[in-house]
Amino acid sequence: MKLVLLTALGVGGATAVGAVIGFLFKNLSHKFSDIILSFAAGVMMAAAVLGLILPSLEYGGKLSVFVTVVGIFVGALTLNILDKLVPHMHKLVGIDSEAHNNASLNKILLFVMAVAIHNLPEGIAAGVGFGSGDASRALLIAGGIALQNIPEGMVIIAPMLSVGISKGRTLVCALLTGLIEVVGTFIGYFAVSVSAFILPFALAFAGGTMLYVVSDEMIPETHAHGSERAATYTFLIGFCIMLISDVLLS
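Values in this document were obtained by computation on a predicted structure and should not be read as measured data. (Residues numbered from 1 in each chain as written. Predicted model: local features only at pLDDT ≥ 70, side-chain atom pairs only at ≥ 80, totals over all residues. Heavy atoms only, no water.)

Examining the overall build of the protein
Move 1: Helix and strand content of the protein: 10 helices and zero strands.
Move 2: Ordering the α and β elements of the protein from the N terminus gives α-α-α-α-α-α-α-α-α-α.
Move 3: Residues counted as buried form 48% of the 250 residues belonging to the protein.
Move 4: Contacts spanning at least 24 positions in sequence make up 85% of the contacts within the protein whose residues lie at least 6 apart.
Move 5: Accessible area of the protein: about 11800 Å², with a carbon and sulfur share of 71%. (Helix = DSSP H or I, 4+ residues; strand = E, 2+ residues; numbered from the N terminus. Buried < 20%, exposed > 50% of the residue type's maximum accessible area, 1.4 Å probe, protein only. Contact = heavy atoms within 4.5 Å. Areas by Shrake-Rupley, 256 points an atom, 1.4 Å probe, with all protein chains shown as cover.)

In structure tokens:
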């Protein structure tokens, strides 16, 4: 339990670390941001496949492939539905878009809310990993999530500051996105601990949410500013590093 707590704090704290870096380096080039984010996408992709989807097949028995496929799609669809709700949630941060008189404010808050929403299933993914009883694989998943949280924390700072949101409120928003991940970690851990029967589905569900984030958010973002080649190779580097780590830890 202590390891789960420390991991939850580490995964959530990675966003805070990224936010601090974002304050220090507010004018990062698109190319540098794309390279960092694509590396994180590769790490996250490997964590989803190696740490969640393949174990789901192992725990599921004869019908494991069907449970895994359903879990992946349910996870992706759930995140897709949550994404649809994001435009209606900007009031949660207590900012009046009309008062700021800035057309880009809603877009920035949409992005921040998307990060926050994605952090919940990512946290659940880390918790589910520990619920499976394989600590080394769980740490691999958590490490992958934490690595991609750092650039996420970095990239939300500059846009919020650019539309006039105060430094204090910007930091609070960044920290809240990390806190959501801590909550998600405990949800995933206790859900699987209570009922091992749902473990194969839960693993696949968490893997599906991570695949959705990588495909729908991270890869398009890293290929939108002319750095496609560098982004592709850093994605592969991130994936291969996690692949090597999985072999060494197993």
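A closer look at helix H2 (residues 30-59)
Move 1: Along its 30 residues, H2 runs 42 Å from first to last C-alpha, staying within 8% of the 44 Å computed at 1.5 Å per residue.
Move 2: Taking the largest bend as the criterion, H2 deviates by roughly 25°, centred on Val49. (Expected span 1.5 Å × (residues − 1). Bend = angle between axes of the 7 residues up to and from the residue.)

As for the packing of aromatic side chains
Move 1: A full pass over the atoms with the stated rule returns two aromatic pairs.
Move 2: Taking 6.3 Å as the distance between ring centres and 20° as the angle between the ring planes, the aromatic pair formed by Phe186 and Phe190 counts as stacked. Separated by four residues within a single helix, Phe186 and Phe190 lie in helix H8 (residues 167-194), roughly one turn from each other.
Move 3: Ring geometry for Phe201 versus Phe205: centroids 6.2 Å apart, planes at 35°, classification tilted. You can see Phe201 and its partner Phe205 sitting in helix H9 (residues 199-222), four residues apart, about one turn around the helix.
Move 4: Judged by relative accessible area, Phe201 falls into the partly exposed class, the value being 33%. (Phe/Tyr/Trp six-rings, centres within 6.5 Å; stacked < 30°, edge-to-face > 60°.)

Looking at the nonpolar core
Most often, soluble globular proteins have nonpolar side chains that are buried together.
Move 1: One finds Leu52, Val128, Ile145, Met210, Val214 and Met218 to be the most contacted residues of the largest nonpolar core, which totals 34 residues.
Move 2: Elements supplying a minimum of two residues to this core: H2, helix H3 (64-85), helix H5 (105-131), helix H6 (135-155), H9 and helix H10 (228-249).
Move 3: Ranked by residues supplied to this core, first place goes to H2 with 11 residues.
Move 4: With seven residues, the next largest nonpolar core counts Val4, Phe130, Ala138 and Tyr189 among its residues. (Core = buried A, V, L, I, M, F, W, Y, C linked by side-chain atoms within 4.5 Å.)

Points about the confidence of the model for the protein
Move 1: Confidence in the prediction of the protein, expressed as mean pLDDT, is 75, and 74% of residues score 70 or more.
Move 2: Here helix H4 (residues 97-100) stands out as the least confident element of the protein, with mean pLDDT 44; H10 is the most confident, with 86.
Move 3: Taken as a whole, residues 88-103 scores under 50 in pLDDT and shows 24 contacts with residues more than four places along the chain or in a different chain. (pLDDT = per-residue confidence, 0-100.)

Quick notes on the packing of H2 against H9
Move 1: It is the contact of H2 with H9, at a shortest axis distance of 8 Å, that shows an interaxial angle of 160°. With respect to their mutual orientation, H2 and H9 come out roughly antiparallel. Pair H2 / H9 crosses with left-handed handedness.
Move 2: Residues that form the contact of H2 with H9 fall into these classes: 21 nonpolar, five polar and two charged. (Axes fitted to C-alpha atoms, helices over the stretch in contact; angles between N-to-C directions. Parallel < 35°, antiparallel > 145°, perpendicular 65-115°, else oblique. Left-handed = near helix turned anticlockwise from the far one by under 90°. Nonpolar A, V, L, I, M, F, W, Y, C, P; charged D, E, K, R; others polar.)

Quick look at the side chain of Ser56
Move 1: Here Ser56 is to be found in helix H2.
Move 2: For Ser56, a relative accessible area of 0% puts it in the buried group.
Move 3: Not counting residues up to four positions away in its chain, the partners in contact with Ser56 are Ser64, Thr68, Pro200, Leu203 and Ala204.

Things to note about the side chain of Thr68
Move 1: Structurally, Thr68 can be placed in helix H3.
Move 2: We classify Thr68 as buried; its relative accessible area is 3%.

Some details on a nonpolar patch on the surface
Move 1: On the surface, Leu54, Leu57, Leu63, Val65, Phe66, Val69, Phe73 and Leu77 cluster together into a nonpolar patch covering about 770 Å² of accessible area.
Move 2: At the level of secondary structure, the elements contributing two or more residues to the nonpolar patch comprise H2 and H3.
Move 3: In terms of residues, the nonpolar patch owes the most to one element, H3, which gives five residues.
Move 4: Within the element layout of this structure, Phe66 appears in helix H3.
Move 5: Relative accessible area serves as the criterion here: at 57%, Phe66 is assigned to the exposed category. (Patch = residues over 30% accessible without salt bridge, like charges linked within 9 Å, V, L, I, M, F, W, Y side chains within 5 Å. Salt bridge = Lys/Arg side-chain N within 4 Å of Asp/Glu carboxyl O.)

Regarding H9
Move 1: A rise of 1.5 Å per residue sets the reference length of H9, with its 24 residues, at 34 Å; its end C-alpha atoms lie 33 Å apart and thus fit the reference within 8%.
Move 2: In H9, a bend of some 35° at Val214 exceeds every other bend along the element.

Regarding the environment of Phe32
Move 1: For Phe32, the location among the structural elements is in helix H2.
Move 2: Under the relative-accessibility criterion, Phe32 is labelled partly exposed at 39%.
Move 3: Separated by 190 residues in sequence, Phe32 and Thr222 place their C-alpha atoms 9.8 Å apart.

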